[in-house]
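Geometric and topological summary
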Amino acid sequence: MTVPLRGISTRDALVAEIRRHILGGELKPGEPLTEVGLASMFGVARPTVRSALQELLARNLAERTAGRSLRVPVFTADDVRDLFFVRTPLELEAVRRIVAEQRPVAAAEAGLAAMEALAPSASWGDRVDAHTKFHVALIGCAGSPRLDRIYPAMQEEMQLCLAQLSDSYPGAGDLAAEHRVLLDAVRSGDGERAVTAMREHLDHAQRSLIG
């Protein structure tokens with residue numbers, strides 16, 4: 001018996017589109033996410049918006065205010081520090097294992113190539129997506145199924161952080177160039193160099209976010 005595949009639902013398409021607007025900066029941190037406003041903006045019914053907002057809330061792409069309304073999340077300095085407190089040890093340990101066990105990094109290389117291939121006119125949202133795919137691929141090179149499950153759970157918040165970083169990378173190729181330095185260090189076979197490069201990469205991102 002053949003089971004037909006279903007196309008993407010209106011609700012899932014709306015989630016993807018709102019997400020793109022948030023990560024691309026069209027919806028700013030702190031901007032209200034209302035059923036009426038989003039229904040009008042995207043031409044969909046309010047129940048569809050309501051369902052999409054629940055998914056965005058679950059994925060940390062929306063947050064409740066004190067008045068219980070929803071808005072685009074606003075990261076405080078403490079939020080950023082906490083995110084990197086969790087993120088940094090995972091990425092450092094992944095790099096250590098990759099170098100120590102001489103694991104192939106072809107997937108990360110492919111992710112970086114996609115980032116480098118982005119046109120100068122690509123949106124910041126597209127760059128954020130490419131950045132995330134690179135880091136997920138690099139984590140995957142460590143060969144830990146459990147790390148592969150844990151790490152993506154932070155990705156939405158990481159992407160929200162990076163969405164606020166565009167002023168730190170004014171040139172079209174700056175983000176890719178920074179990651180080329182990082183991957184070259186990982187591929188060098190020098191564990192100390194690779195870990196140092198990753199730590200500097202993450203420290204730079206954290207400093208840029210906190211200001």
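As a starting point, this report considers the structure included with it. Only a predicted model underlies this, so the values are computations on that prediction, with no experimental measurement involved. (Residues numbered from 1 in each chain as written. Predicted model: local features only at pLDDT ≥ 70, side-chain atom pairs only at ≥ 80, totals over all residues. Heavy atoms only, no water.)

**Looking at helix 6 (residues 124–140)**
- Given a rise of 1.5 Å per residue, 17 residues ought to cover 24 Å, and the 24 Å separating the end C-alpha atoms of helix 6 matches this to within 8%.
- Here helix 6 lies mainly inside the structure; twelve of its 17 residues are buried.
- Within helix 6, the full set of buried residues consists of Trp-124, Gly-125, Arg-127, Val-128, Ala-130, His-131, Thr-132, Phe-134, His-135, Ala-137, Leu-138 and Ile-139. (Helix = DSSP H or I, 4+ residues; strand = E, 2+ residues; numbered from the N terminus. Expected span 1.5 Å × (residues − 1). Buried < 20%, exposed > 50% of the residue type's maximum accessible area, 1.4 Å probe, protein only.)

**Some details on the layout of surface pockets**
- Here the largest pocket is characterised by a volume of approximately 210 Å³.
- Taken together, 13 residues line the largest pocket, and the ones lying closest to its centre are Asn-60, Phe-75, Asp-79, Leu-83 and Glu-157.
- Those elements that place two or more of their residues in the lining of the largest pocket are helix 4 (77–100) and helix 8 (155–163).
- The element that contributes the greatest number of residues to the lining of the largest pocket is helix 4, accounting for four residues.
- For the lining of the largest pocket, the class distribution of residues is eight nonpolar, one polar and four charged. (1 Å grid on protein atoms, 1.4 Å probe; cavity = no way out; pocket = protein on both sides within 12 Å on 5 of 7 lines; lining within 4 Å. Points joined across faces, edges and corners; volume = space filled by probe spheres on them. Nonpolar A, V, L, I, M, F, W, Y, C, P; charged D, E, K, R; others polar.)

**Remarks on the pattern of salt bridges**
- Applying the stated criterion across every chain, the model contains 19 salt bridges.
- For Arg-59, the salt bridge is made with Glu-55, and the minimal N-O distance between the two is 3.8 Å.
- Of the residues examined, Arg-59 reaches a relative accessible area of 25% and is grouped as partly exposed.
- Of the residues examined, Glu-55 reaches a relative accessible area of 24% and is grouped as partly exposed.
- Among the ionic pairs, Arg-81 bridges to Asp-78, the shortest N-O distance being 3.1 Å. With Arg-81 and Asp-78 both in helix 4 and three residues apart, this pair spans about one turn of that helix.
- On the basis of relative accessible area, Asp-78 is assigned to the exposed category, the value being 55%. (Salt bridge = Lys/Arg side-chain N within 4 Å of Asp/Glu carboxyl O.)

These results come straight from atomic positions and should not be treated as a statement about function.
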